[in-house]
Amino acid sequence: MTPDKETLIKQATEWAQKYLDPNFEFRKYQLESIVLIITRVLDEVKTQVMNAPTGSGKSLTAIISAGVLFEYYKKTSYILCSDLSLFAQYEADLKRYNLPWGHLKGKDNYVCKRNGNIVSCGECALNMVSARTLQDAESAEKAGYSCAKECEYVKMRNLAMKAPVTVMTYQLYLIQRNYVNDLMGEDGYMPFPERDFVICDEAHKLNDIIQSHYAPRIPVDVPEFMKTLDKYASKHHIKVPDSRSTIRWANKLKSAKNHADIISAMQHYSDLLSEYAYINEKVREEAQKTRQFRKLRAELTAGNLARECNCKCGDFLELVKELGPQIAVKTDGEKEITINCTYEGEMITKYFHNVSKCELFMSATLGDLTLYKELISIKDYPKGQHK
């Protein structure tokens, strides 16, 4: 049974004065909003939308709501940020109020102290030592990585996994909830499983973030990562891909008259990227064997880009198989051609709603809420499942 309003007001006030400030005072409408948010999460309302002006205290509304939900009801939460600037604000709030919650950025925001590369090209990553091994100090030491106990990324990741509330970017959430859990969930191990509540700050940016995250980009000229990997392949007697075909497929895309032409050119470019993904594997094998991580830094970075581009193309083509070629629309740019999905609602449903439980979308600039419901694909929800 959901607690009454007076109980929730008492709990929110107690929590704020215990963890934030003994003299904490709510802003106008803030306490009322928090009570409504908590009530709807406890009632398992799927989606809530809150349009609140700048300066109304949205971040503290999020923090207090998540705090009360765990303190009194053992409900866990994610708080999602649209960029690293907003992430830094939440990080500062957690530090200011001494809240022992998780806060995690993507791997490329951390540096491996053993080889000086970003963590995705760190020594443990190149040697394919699993994150699961590194999170346990004893297992990490047996694998030769006693440094894991001092690694900032490993420490932040461990805290983020264990904490009842974790702040992360939308991009990291999309990767963890879609890719990582699909790959690692088969044996029951999910580092960031579904939680009871997901709070989306600056939610007006969600559509663009998802489009950008899953939109392939085909350069109009040979990209630098291909040139770097071409040199490596030639030097090591590996078949050198026809990188100049990038220009051919870009021109095909520019002149594409229909969806089928767009998909055909994309498929050819995806096949080319697969060849570079293979060279990336060879670079990583050499790095593991020779331990010359710094010497191969340029090739490792290029290989990472090849792998990312290959994954993005592959994901989009899988979406085409599921929804049909009519979803693809191109935007011709000066340096690259971007392929977007016209079925934006289906993308949000597939990659966000389907992997999230209760959701709160909050922003100062949501605009017309009827239109926003359509944009985030909740207009057809059963009555009572969005507020």
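Residues numbered from 1 in each chain as written. Predicted model: local features only at pLDDT ≥ 70, side-chain atom pairs only at ≥ 80, totals over all residues. Heavy atoms only, no water.

Enquirer: Honestly, the overall build of the protein in this entry has me stumped. Any pointers?
Expert: Regarding its fold elements, the protein presents 16 helices and nine strands. Over its C-alpha trace the protein gives a radius of gyration of 23 Å, about what one expects of a compact globule, namely 21 Å for 387 residues. Considering only C-alpha atoms, the protein reaches an extent of 75 × 55 × 35 Å along its principal axes. In the protein, which comprises 387 residues, the proportion classed as buried is 50%. When contacts within the protein are restricted to residue pairs at least 6 apart in sequence, long-range pairs at least 24 apart make up 75% of them. If you average the places of the 53 positive and of the 51 negative side-chain charges in the protein, the two averages end up 4 Å apart. (Helix = DSSP H or I, 4+ residues; strand = E, 2+ residues; numbered from the N terminus. Rg over C-alpha atoms; globule rule 2.2 N^0.38 Å. Buried < 20%, exposed > 50% of the residue type's maximum accessible area, 1.4 Å probe, protein only. Contact = heavy atoms within 4.5 Å. Lys, Arg positive; Asp, Glu negative; His and termini not counted. Charge placed at Lys NZ, Arg CZ, Asp CG, Glu CD.)

Enquirer: Is there a simple way to explain the nonpolar core in this structure?
Expert: Proteins that are soluble and globular tend to have nonpolar side chains buried together. Counting 81 residues, the largest nonpolar core has Leu 80, Ile 339, Phe 352 and Phe 361 as its most contacted members. Considering each element in turn, this core owes the most residues, eleven residues, to helix 13 (residues 259-290). When near neighbours in sequence (up to four residues on either side) are disregarded, Ile 339 contacts Ala 215, Pro 216, Ile 218, Leu 253, Ile 262, Met 266, Phe 316, Ala 328, Val 329 and Lys 330. Leu 42, Leu 94, Leu 360 and Met 362 belong to the second-largest nonpolar core, a separate cluster that totals 38 residues. (Core = buried A, V, L, I, M, F, W, Y, C linked by side-chain atoms within 4.5 Å.)

Enquirer: Where do I start with the packing of helix 10 (residues 206-214) against helix 15 (residues 344-351) in this structure?
Expert: The description of two helices packed together rests on the angle between their axes and the distance between the axes. Following both chains from N to C, one finds helix 10 and helix 15 inclined at 85°, their axes separated by 10 Å at the closest point. Considering the angle they form, helix 10 stands roughly perpendicular to helix 15. In this structure, helix 10 uses Leu 206, Asn 207, Ile 210, Gln 211 and Tyr 214 to contact helix 15, whose residues at the interface are Glu 344, Met 347, Ile 348 and Tyr 351. Counted by class, the contact of helix 10 with helix 15 contains six nonpolar, two polar and one charged residues. (Axes fitted to C-alpha atoms, helices over the stretch in contact; angles between N-to-C directions. Parallel < 35°, antiparallel > 145°, perpendicular 65-115°, else oblique. Nonpolar A, V, L, I, M, F, W, Y, C, P; charged D, E, K, R; others polar.)

Enquirer: Please explain the layout of surface pockets as it appears in this structure.
Expert: Space left empty within the atom packing is revealed by a probe, the size of a water molecule, rolled over the atoms. Each pocket or cavity is described by its volume, and for the second largest pocket that value is around 320 Å³. Lining the second largest pocket we find 16 residues, and of these Lys 58, Leu 86, Gln 89, Asp 201 and Glu 202 sit closest to its centre. Residue assignment for the lining of the second largest pocket shows that the elements contributing at least two residues are helix 3 (58-73), helix 4 (84-96) and strand 9 (358-363). In terms of residue count, helix 4 provides more of the lining of the second largest pocket than any other element does, three residues in total. A breakdown of the residues in the lining of the second largest pocket according to their chemical character gives three nonpolar, nine polar and four charged. (1 Å grid on protein atoms, 1.4 Å probe; cavity = no way out; pocket = protein on both sides within 12 Å on 5 of 7 lines; lining within 4 Å. Points joined across faces, edges and corners; volume = space filled by probe spheres on them.)

Enquirer: Explain the packing of aromatic side chains here, please?
Expert: Describing an aromatic ring pair means giving the distance of the ring centres and the angle of the ring planes. Summed over the entire model, instances satisfying the criterion amount to twelve aromatic pairs. The interplanar angle of 35° and the centroid separation of 4.8 Å between the aromatic rings of Trp 15 and Tyr 19 together place this pair among those described as tilted. Placement of the pair is Trp 15 and Tyr 19 together in helix 1 (residues 5-19), with a separation of four residues, close to one helical turn. A relative accessible area of 26% means that Tyr 19 is categorised as partly exposed. (Phe/Tyr/Trp six-rings, centres within 6.5 Å; stacked < 30°, edge-to-face > 60°.)

Enquirer: Got a minute to help me understand helix 4 in this structure?
Expert: The periodicity of an α-helix, 3.6 residues per turn, causes residues three or four positions apart to be oriented the same way. In this model, helix 4 (13 residues) spans 18 Å end to end at C-alpha, consistent with the 18 Å of a helix rising 1.5 Å per residue. Looking at helix 4, one finds that the buried residues are Leu 86, Phe 87, Tyr 90, Asp 93 and Leu 94. Viewed end-on, helix 4 has its buried residues packed into an arc of 120°, placing them on one side of the element. Residues of helix 4 that are exposed and point over 90 degrees away from its buried face: Lys 95 and Arg 96. Where the residues of helix 4 are buried, they touch helix 3, strand 2 (77-81), strand 3 (102-104), strand 4 (165-169), strand 5 (197-201) and strand 9. Two to three positions downstream of the cap, the backbone nitrogen of Ser 85 sits 3.1 Å from a side-chain oxygen, assigning the N-cap of helix 4 to Asp 83. Positive backbone phi, at 55°, marks Asn 98, one or two positions downstream of helix 4. (Expected span 1.5 Å × (residues − 1). Arc of directions from axis to C-beta. Polar contact = N/O pair within 3.5 Å; in protein donor to acceptor, adjacent residues only side chain to side chain.)

Enquirer: I tried to follow empty space enclosed by the protein on my own but got confused; where do I start?
Expert: Per the stated rule, a full pass over the model turns up one cavity of 30 Å³ or more. Taken together, Val 41, Glu 44, Lys 75, Asp 196, Lys 357 and Cys 358 make up the full set of residues lining the largest cavity. Residues that form the lining of the largest cavity fall into these classes: two nonpolar, no polar and four charged.

Enquirer: Would you mind going over the sheet that holds strand 8 (residues 336-341) with me for this structure?
Expert: Strand pairing in a sheet relies on backbone hydrogen bonds, with the paired strands running either antiparallel or parallel. The sheet built from three strands is open, its strands ordered 6-8-7 with antiparallel pairing. Edge strands, defined here as strands with exactly one partner in the open sheet, are strand 6 (217-219) and strand 7 (328-332). Pairwise comparison of adjacent strand axes, ignoring direction, gives a mean angle of 20° for this sheet. Set on the sheet, helix 14 (residues 297-323) makes contact with strand 6, strand 7 and strand 8; between it and strand 8 the angle comes to about 40°. (Pairing = 2+ DSSP bridges.)

Enquirer: Before we go on, may I ask you to explain the pairing of strand 2 in this structure?
Expert: It is a general feature of regular strands that their side chains alternate between the two faces of the sheet. Among the five residues in strand 2, five count as buried, and that is most of the element. Direction of pairing for strand 2 relative to strand 4: parallel, over a ladder of five bridges. Pairing of Ile 79 across the sheet is with Val 167, part of strand 4.

Enquirer: Please clarify how unusual backbone geometry should be interpreted in this entry.
Expert: Where the residue is not glycine, phi is negative for most of them; where a peptide bond is considered, it is trans in most cases. With a phi close to 60°, Glu 44 is a non-glycine residue in the positive phi region. Position of Glu 44 relative to the elements: it lies in the loop between helix 2 (30-42) and strand 1 (47-51). Residues other than glycine seldom take positive phi values, yet Ser 377 does so here, at roughly 60°. Relative to the elements of secondary structure, Ser 377 occurs in the segment after helix 16 (369-375). With relative accessibility at 23%, the residue Ser 377 sits in the partly exposed group.

Enquirer: It is not clear to me how the pattern of salt bridges should be interpreted in this structure. Could you clarify?
Expert: Under the counting rule described, the total for this entry stands at 16 salt bridges. For Arg 114, the salt bridge identified is with Glu 123, shortest N-O distance 3.0 Å. For Arg 114, a relative accessible area of 35% translates into the label partly exposed. In this structure Glu 123 comes out as buried when scored by relative accessible area, which is 8%. (Salt bridge = Lys/Arg side-chain N within 4 Å of Asp/Glu carboxyl O.)

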